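Breakdown of the fold
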Amino acid sequence: MMAGQVCVARIGAAHGVRGAVKLWTFTEDPLAIEDYGPLATKDGGRHLELTSAREAKDHLVVTFKGVTTRDEAERLNGLELYIPRDKLPATEEDEYYHADLIGLDAVTTADEPLGRVIAIHNFGAGDIIEIAPESGTTILLPFSNAVVPTVDIPGGRVVIELPREIEGDG
């Protein structure tokens with residue numbers, strides 16, 4: 001289940017008056033975004049070429065070719081940007097691209113189904129894995145080796161070691 005394209009960034013609010021925007025990247029090194037060439041929208045309808053990027057507190061401030069006014073920049077707000085999968089470097093043994101995890105089945109260590117992985121978030125304190133069960137509310141868990149001891153991409157699943165508090169037997 002290899003995705004043909006991978007989401008590498010999301011455009012935020014306009015920054016200043018000359019077309020710059022805030023950019024949140026999903027790459028380990030935020031500035032690696034400059035090495036991927038043009039970035040595309042999910043439907044492939046638009047391609048944006050970075051002309052500059054600098055690091056800010058928790059994001060980048062970037063400019064795109066042809067985007068020179070605040071109005072043009074504001075129209076990009078919320079766009080997710082993708083690159084072809086084959087432009088990404090190969091992963092190390094215990095590394096995964098978030099896109100590879102979305103849609104995997106989540107099972108407990110006892111092999112009971114928990115649901116599907118629907119997102120990986122980072123709210124500033126490490127990665128969080130979000131699992132949608134068949135019914136009910138989604139489950140947010142730390143994406144750590146203790147909680148997610150096994151990621152089996154070829155097998156299409158992740159194994160979750162549930163913390164005791166949420167198993168319902170406490």
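Right above here is the structure, for reference.
Quick summary incoming for the structure in this document. (Residues numbered from 1 in each chain as written. Predicted model: local features only at pLDDT ≥ 70, side-chain atom pairs only at ≥ 80, totals over all residues. Heavy atoms only, no water.)

A short note on the layout of surface pockets
Regions of empty space are outlined by a rolling probe, equal in size to a water molecule, passed over the atoms. Quantified by volume, the largest pocket comes out at close to 1600 Å³. Residue composition of the lining of the largest pocket, by class: 28 nonpolar, 11 polar and 11 charged. In terms of lining, the second largest pocket is formed by D105, A106, V107, P113, L114, G115, R116, A132, P133 and E134. Sorting the residues of the lining of the second largest pocket by element identifies β8 (105–108) and β9 (113–122) as the ones contributing at least two each. At 4 residues, the largest contribution of residues to the lining of the second largest pocket is made by β9. Of the residues in the lining of the second largest pocket, the class split is 6 nonpolar, 1 polar and 3 charged. (1 Å grid on protein atoms, 1.4 Å probe; cavity = no way out; pocket = protein on both sides within 12 Å on 5 of 7 lines; lining within 4 Å. Points joined across faces, edges and corners; volume = space filled by probe spheres on them. Nonpolar A, V, L, I, M, F, W, Y, C, P; charged D, E, K, R; others polar. Helix = DSSP H or I, 4+ residues; strand = E, 2+ residues; numbered from the N terminus.)

Some points on the pattern of salt bridges
Counted under the stated rule, the structure contains 3 salt bridges. Two residues, D105 and R116, come together in a salt bridge whose shortest N-O distance is 3.2 Å. Here D105 is found in strand β8, whereas its partner R116 is found in strand β9, with 11 residues between them in sequence. Residue D105 is classed as partly exposed on the basis of its relative accessible area of 35%. Accessibility expressed as a relative area gives 44% for R116, which makes it partly exposed. Residue R157 pairs with D111 through a salt bridge whose shortest N-O separation is 2.8 Å. Here the residue R157 occupies a position in strand β13 (residues 157–160), and D111 occupies one in the loop between β8 and β9, the gap between them amounting to 46 residues. (Salt bridge = Lys/Arg side-chain N within 4 Å of Asp/Glu carboxyl O. Buried < 20%, exposed > 50% of the residue type's maximum accessible area, 1.4 Å probe, protein only.)

Digging into the pairing of strand β2 (residues 20–25)
Across a regular strand the side chains alternate sides, sitting on one face of the sheet and then on the other. As paired elements, strand β1 (residues 5–15) and β2 share 5 bridges and run antiparallel to each other. Directly across from I11, in β2, lies its bridge partner L23. Where β1 hands over to β2, the hairpin turn is made up of 4 residues, of which G16 adopts a positive phi near 80°. When β2 meets strand β6 (residues 60–64), the two strands line up antiparallel, connected through 3 bridges. (Pairing = 2+ DSSP bridges.)

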